[in-house]
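So the chains spell out like this:
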Amino acid sequence: MIDPYGGRLVERELPEAARARRDAERGHLVTVHPPIDQLYDAEKIGIGAYSPLEGFMDAETVRSVAATGRLPNGLPWSIPIHFPVPPGTPSASSVRAGDEVGLLDGQDRLIAVLHVEETFPIDRRALARATYGTDDPAHPNVADLLAGGETAWAGPVDLVHRLLPPWERDEPTPAETRAEFSRRGWSRVAAYQCRNPPHTAHEYIQRLTLEREDVDGLLIHPVVGRLKKGDYRPEVILQAYDALVRHYYPADRVLMSPLTITMRYGGPKAALFLAIVRRNYGCGVYIVGRDQAGVGKYYDPYACHRVFDAFDIGVLPVRYEESFFCRRCGWMASGRTCVHPASERAETSQSRIREALASGAPLPPEILRPEVAEVLRRPNVTIV
Ligand SMILES: [Zn+2]
């Protein structure tokens, strides 16, 4: 199995005794309530999903990532993982290097302790341009960045408690997915990044990957972080995938598990970041479809393919063009395998599927498996 990024899996989850001590002594900590995105990041650092990061980035590292796409040691890294101090935090201005800050969730559970080694100002617009190629506040991550603090705290993170998922399903750590892959005898695992229920074009590239003789198994790893209006609820995405896996895939070749991080719609940089994260979970192969991690018209839909030529992260990218069901071919296809005009292609866009679901119109199996459609036709599947 591929080794973790940087060679070693970071594990900063405190053992039981240290956890109890932290809880007992939390009255001595400065505490803050960061946005959920930053708690996800703290948790992912703690369980090693962001190896080799041991904590939130310092000024030099943020500068290096923004300017060169690499950590100061030269390892490719495309998305800054820094900790903007939440605006309006009363005690924030008193925090200095050497202090410890407790990060609390909405229920005041102590999620992590940040050992502050540096405080530094963030040029939010410049960072947005360097990371997302734009400072347009219509870009969701740029909006977050501009709304966040102008000062950052950097330093190692100790994970005290895992976040409580809003659904009844465990989220395995990188150590746990690696152990599960070993138990199944998988050494070469492909990761599939997604954030929506599966339609046939998704299934097609998953199947093509499973057909490869150099792939033992597939990790379907939906990003189900912070939600916005109109998104499918995480449990719906997971149930839709459950239905697909149960009815159509060999159970011993596919594993599905949620990944709670905030989706960075950074096009190529986000694709690279998401692949690095999957390497930590044990995946040496990474599926890259068209316009992965894109939003609006900010990115060339195939820049997410080319970025893997510019930066070697040790993961084999398996790149696919846009696929579709062609009525003339009577098959799933892409521009590489089908000669027919667009009018012959069944459109599988999420907007088309949502319209059909909303109106009760039938969705042909060429677009959506009936067992998946059944899940999506239940009430309250999206965030209102
Ligand atoms: Zn065709």
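Residues numbered from 1 in each chain as written. Predicted model: local features only at pLDDT ≥ 70, side-chain atom pairs only at ≥ 80, totals over all residues. Heavy atoms only, no water.

Undergrad: When you look at the coordination of the zinc ion in this model, what are you seeing that I'm missing?
TA: Here the zinc ion is held by the protein donor atoms Cys-326 (SG), Cys-329 (SG), Cys-338 (SG) and His-340 (ND1), which lie 2.1 to 2.3 Å from it. Read in sequence order, the donor residues coordinating the zinc ion give the pattern C-x2-C-x8-C-x1-H. (Donors = N, O, S within 2.8 Å, 3.2 Å for Na, K, Ca; no water.)

Undergrad: How should I be thinking about the packing of aromatic side chains in this particular structure?
TA: Two numbers describe a pair of aromatic rings. These are the distance of the centres and the angle of the planes. The full count for this structure, using the stated rule, is eight aromatic pairs. Seen in terms of ring centroids, Phe-181 and Trp-186 are 5.5 Å apart; in terms of plane orientation they differ by 25°. Their pairing is stacked. Trp-186 shares its class with Phe-181; the two are buried. Linked through ring pairs, Tyr-5, Tyr-50, Trp-77 and Phe-273 together constitute an aromatic cluster. Lying across the ring of Tyr-248, Arg-369 places its NZ or CZ 3.9 Å from the centre. (Phe/Tyr/Trp six-rings, centres within 6.5 Å; stacked < 30°, edge-to-face > 60°. Buried < 20%, exposed > 50% of the residue type's maximum accessible area, 1.4 Å probe, protein only. Lys NZ or Arg CZ within 6 Å of the ring centre and 35° of its normal.)

Undergrad: Got a minute to help me understand the side chain of Ser-78 in this structure?
TA: Mapped onto the secondary structure, Ser-78 falls in the loop between α3 (59-68) and β3 (83-84). A distance of 2.6 Å separates the side chain of Ser-78 from the backbone oxygen of Lys-269, its partner in a polar contact. Here Phe-273 takes part through its backbone nitrogen, which lies 3.4 Å from a polar atom of the side chain of Ser-78. Every residue in contact with Ser-78, bar those within four places of it in the chain, is listed here: Val-65, Gly-69, Thr-131, Lys-269, Leu-272 and Phe-273. (Helix = DSSP H or I, 4+ residues; strand = E, 2+ residues; numbered from the N terminus. Polar contact = N/O pair within 3.5 Å; in protein donor to acceptor, adjacent residues only side chain to side chain. Contact = heavy atoms within 4.5 Å.)

Undergrad: Before we go on, may I ask you to explain the sheet that holds strand β10 (residues 254-256) in this structure?
TA: Think of a sheet as strands paired side by side through backbone hydrogen bonds, with each pair either parallel or antiparallel. Taking strand neighbours across the sheet as the criterion, the five strands line up as β10-β9-β8-β11-β12 in an open arrangement whose pairing is parallel. The open sheet is flanked by β10 and β12 (316-319), the only strands paired with a single partner. The average undirected angle you get between the axes of adjacent strands in this sheet is 25°. Sheet topology note: the strand β8 (residues 189-194)/strand β9 (residues 217-222) ladder contains six bridges and is parallel. The partner of Ala-191 across the bridge, within β9, is Leu-219. Across the face of the sheet, helix α9 (residues 268-280) comes into contact with β8, β9 and β11 (285-288) while running at roughly 150° to β11. (Pairing = 2+ DSSP bridges. Axes fitted to C-alpha atoms, helices over the stretch in contact; angles between N-to-C directions.)

Undergrad: So what exactly am I meant to see when it comes to the side chain of His-199 here?
TA: Counting through the fold element by element, His-199 comes out in the loop between β8 and α7 (200-211). One polar contact links the side chain of His-199 to the main-chain carbonyl oxygen of Thr-348, over a distance of 3.1 Å.

Undergrad: Looking at this model, I keep getting lost on the pairing of strand β14 (residues 331-334). Mind explaining?
TA: Each regular strand shows side chains that alternate between the opposite faces of the sheet. Both strand β13 (residues 323-326) and β14 contribute to a ladder of four bridges, which runs antiparallel. Its bridge partner being in β14, Ser-323 is matched across the sheet by Ser-334. Hairpin connection between β13 and β14: a loop of four residues separates the two successive antiparallel strands, and Gly-330 in this loop has a positive phi of roughly 70°.

Undergrad: What is the right way to look at the domain arrangement of the protein chain in this model?
TA: It is common to report an interface's size as the accessible area lost on association of the parts. In terms of domains, the protein chain is made up of domain 1 (16-159) and domain 2 (174-376). In this structure, domain 1 and domain 2 have C-alpha centres spaced 29 Å apart. Counting from both sides, the interface comprises 30 residues of domain 1 and, opposite them, 26 residues of domain 2. Summed over both partners, the interface of domain 1 with domain 2 comes to about 2,200 Å²; 57% of that surface belongs to carbon and sulfur atoms. In terms of surface lost to domain 2, no three residues of domain 1 exceed Tyr-40, Pro-76 and Ser-78, which account for 21% of the buried area on that side. Put simply, domain 1 and domain 2 have one salt bridge between them. As a salt-bridge pair, Arg-264 and Asp-41 come within 2.7 Å of each other at their nearest N and O atoms. Connecting domain 1 to domain 2 are 14 residue pairs in polar contact (both at pLDDT 80 or more). (Domains from an automatic or database assignment. Buried area = accessible area lost by both parts, 1.4 Å probe. Salt bridge = Lys/Arg side-chain N within 4 Å of Asp/Glu carboxyl O.)

Undergrad: Sorry, what's going on with the nonpolar core here?
TA: For soluble globular proteins, nonpolar side chains are generally found buried alongside one another. Counting 75 residues, the largest nonpolar core has Tyr-50, Trp-77, Ile-81 and Trp-153 as its most contacted members. Per-domain counts for this core show at least three residues from each of domain 1 (16-159) and domain 2 (174-376). Apart from residues no more than four positions distant in its own chain, Tyr-50 is found in contact with Asp-41, Lys-44, Ile-45, Trp-77, Ile-81, Ile-261, Arg-264, Phe-273, Val-277 and Asn-280. Counting residues in each nonpolar core, the second largest holds 42 residues, with Val-224, Ile-237, Ile-353 and Val-375 among its members. (Core = buried A, V, L, I, M, F, W, Y, C linked by side-chain atoms within 4.5 Å.)

Undergrad: For this particular structure, what's the right way to read the pattern of salt bridges?
TA: Pairing between side chains of opposite charge can happen when their charged atoms approach one another. A full pass over the atoms with the stated rule returns 27 salt bridges. Residue Arg-169 is joined to Asp-242 by a salt bridge in which the shortest nitrogen-to-oxygen separation is 3.1 Å. Residue Arg-169 is located in the loop between β7 (151-159) and α6 (174-183), and its partner Asp-242 is located in helix α8 (residues 234-248); the two are separated by 73 residues in the primary sequence. Judged by its relative accessible area of 26%, Arg-169 is partly exposed. We classify Asp-242 as partly exposed; its relative accessible area is 25%.

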